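Letter by letter, the chains look like this.
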Amino acid sequence: MSVKNIVLDTNAATANQIRKKLTSYGITSFNITASPGAGKTTILEKTILALRDKRKIAVIEGDIVPIDVERLSELEIPVVLADTFGACHLDASMINKALRHLPLESIDLLFVENVGNLICPAHFPIGTTYTVAIASIPEGDDKPEKYPLLFGNADVILINKIDLIPYCPFSIKRFTASVRKINKTAVILPISAHTNEGMLSWLSYVKKSKIS
Ligand code: MG
Ligand code: ZN
């Protein structure tokens, strides 16, 4: 077996342990993947503000600096940094370590903000219930064609910053058609975390989510 396959197999085994652990605590979890600047942290902020009175929420931030941890800690929910030590993705062992710092018995929803990157996060499952892929209008509508693994495996795809549609050459129709070539089942939701347009659909998706 190649070194690459050993790494991926070890990761998959750890991800399975994490999935079992989260399930045993009744925690529904989301792996949030996107390129840098797509709006991951802003979407999380809005989601937490809307749901924190109804659900017990925690966040794991995959990053190399604690800027987003500080930002989300202001929302008075548990937030831990999963330091990737410069790596461009989270792996399951980093999540395992971060989970030790969270009060698992009092969490309903766990959001993991992955490192901004459309390539390697798709190769490293981290044991979450749902995978969320976010694309944003200024990035262009060709991302599902260029990163088929990430968009192909997502359970839900958010098209963020739809308030910028008048200024950008982005076709939601083209984007959706290319997603459908690689992913027949993902829920696709156009939203703007900035203006809140479409956010209710995303929030209701999160509210209906369950541990599979
Ligand atoms: Mg962020
Ligand atoms: Zn990477």
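Positions within a chain are numbered from 1, following the residues in the order the chain's sequence is written. The naming scheme follows written order: chains are lettered A onward, ligands numbered 1 onward. Residue-level local features of this predicted model are given only where pLDDT is at least 70; pairs of side-chain atoms are given and counted only at 80 or more, and the full residue set underlies all totals for whole chains, interfaces and linings. Hydrogen atoms and water are omitted, and side-chain values are computed over all heavy atoms in the structure.

Caption draft 1: How the structure looks around the environment of K54. In DSSP terms, a helix is any run of H or I states spanning at least four residues, a strand is any run of E spanning at least two, and both are numbered starting from the N terminus. Note that K54 resides in the loop between α2 (40-51) and β2 (57-63). Here K54 falls in the exposed class, since its relative accessible area comes to 53%. Working definition: with a 1.4 Å probe on protein chains only, accessible area under 20% of the residue-type maximum means buried, over 50% means exposed, and in between means partly exposed.

Caption draft 2: Looking closely at the coordination of the zinc ion (ligand 2). Only nitrogen, oxygen and sulfur atoms within 2.8 Å of the metal, or 3.2 Å for Na, K and Ca, are treated as donors, and water is left out, so sites may look incomplete. Coordination of the zinc ion (ligand 2) by the protein is provided by C88 (SG), H89 (ND1) and C120 (SG), with metal-donor distances spanning 2.0 to 2.3 Å. Taking relative accessible area as the criterion, C88 reaches 38% and is therefore assigned partly exposed.

Caption draft 3: Local environment of the packing of helix α1 (residues 3-24) against helix α4 (residues 92-99). Lines are fitted to the C-alpha atoms to define the axes, a helix being fitted only along its stretch in contact, and any angle between axes, read from their N-to-C directions, falls within 0 to 180 degrees. Contact pair α1 / α4: the axes reach a minimum separation of 8 Å and the direction vectors enclose 35°. For the crossing formed where α1 meets α4, the hand is left-handed. The segment α1 lies against α4, with N11, T14, A15, Q17, I18, K21 and L22 engaging A92, S93, I95, N96 and L99. Think of it as three bins: nonpolar holds Ala, Val, Leu, Ile, Met, Phe, Trp, Tyr, Cys and Pro, charged holds Asp, Glu, Lys and Arg, and polar takes everything else, Gly as well. For the contact of α1 with α4, the class distribution of residues is 6 nonpolar, 5 polar and 1 charged. By the definition used in this description, the sense in which the near helix is turned from the far one sets the handedness, with an anticlockwise turn below a right angle giving left-handed and a clockwise turn giving right-handed. Working rule for contacts: check all heavy atoms of both residues, and any pair within 4.5 Å makes them a contact.

Caption draft 4: Structural view of the pairing of strand β5 (residues 130-136). In terms of burial, β5 is a largely internal element, 6 of the 7 residues being buried. Bridge analysis of strand β1 (residues 28-34) against β5 gives 5 bridges, and the strand direction is parallel. Paired with A34 across the two strands is I134, which belongs to β5. Bridge count between β5 and strand β6 (residues 156-160): 5 bridges; the pairing is parallel. Across the sheet, residue A133 finds its bridge partner in β6, namely I157. Pairing between two strands is assigned when DSSP locates at least 2 bridges connecting them.

Caption draft 5: Quick peek at the sheet that holds strand β4 (residues 109-113). An order of β3-β2-β4-β1-β5-β6-β7 is seen for the 7 strands of this open sheet, with the pairing classed as parallel. Of all the strands in the sheet, just β3 (79-83) and β7 (187-190) have a single pairing partner and so form its edges. Each strand axis lies, on average, 20° off the axis of its neighbour in the sheet, ignoring direction.

Caption draft 6: Looking closely at the nonpolar core. We call a set of buried residues a nonpolar core when its members are Ala, Val, Leu, Ile, Met, Phe, Trp, Tyr or Cys and they connect through side-chain atoms within 4.5 Å of each other. Within the largest apolar cluster, 30 residues are counted, with the highest numbers of intra-cluster contacts made by F30, F111, L158 and W202. Of all the secondary-structure elements, those providing two or more residues to this core are β1, α2, β2, α3 (67-73), β4, β5, β6 and α8 (199-208). Filtering out sequence-adjacent residues up to four positions away, W202 remains in contact with F30, I43, T47, F111, V132, V156, L158, L189 and I191. Core analysis: the next-biggest nonpolar cluster, separate from the first, contains 20 residues, I27, V80, L90 and I126 among them.

Caption draft 7: Spotlight on the environment of F151. Of note, F151 is situated in helix α6 (residues 148-153). Once the C-alpha coordinates of F151 and T47 are considered, the two residues, 104 residues apart in sequence, prove to be 21 Å apart. In this structure, F151 is in contact with L118, A133, I134, A135, K143, P144, I157, F175, I182 and N183, ignoring residues within four places of it in sequence.

Caption draft 8: Expanded view of the coordination of the magnesium ion (ligand 1). Listed as protein donors to the magnesium ion (ligand 1) are T41 (OG1), D68 (OD) and E113 (OE); their distances from the metal cover 2.0 Å. For T41, a relative accessible area of 6% gives the class buried.

Caption draft 9: A look at the pattern of salt bridges. By convention in these notes, a salt bridge is any Lys or Arg side-chain nitrogen within 4 Å of a carboxyl oxygen on Asp or Glu. As enumerated under the stated definition, the model contains 4 salt bridges in all. One salt bridge connects R71 with E45, and the closest N-O pair in it is separated by 2.9 Å. Placement of the pair is R71 in helix α3 and E45 in helix α2, with a sequence separation of 26 residues. R71 sits in the partly exposed class, given a relative accessible area of 30%. With its nearest N and O atoms 2.9 Å apart, the salt bridge here joins K143 to D142. For K143, a relative accessible area of 11% translates into the label buried. A network of salt bridges, in which partner residues are shared, links D141, E145 and R174.

Caption draft 10: Structural detail: the pairing of β6. When you tally the buried positions in β6, you get 5 out of 5 residues, the bulk of the element. The side-chain alternation of β6 yields two buried faces, one formed by V156, L158 and N160 and the other by I157 and I159. Handedness of the β6-helix α7 (residues 172-182)-β7 crossover: right-handed. Orient the strands so they point away from the viewer; a crossover is then right-handed if the path from the first strand over the helix to the second runs clockwise.

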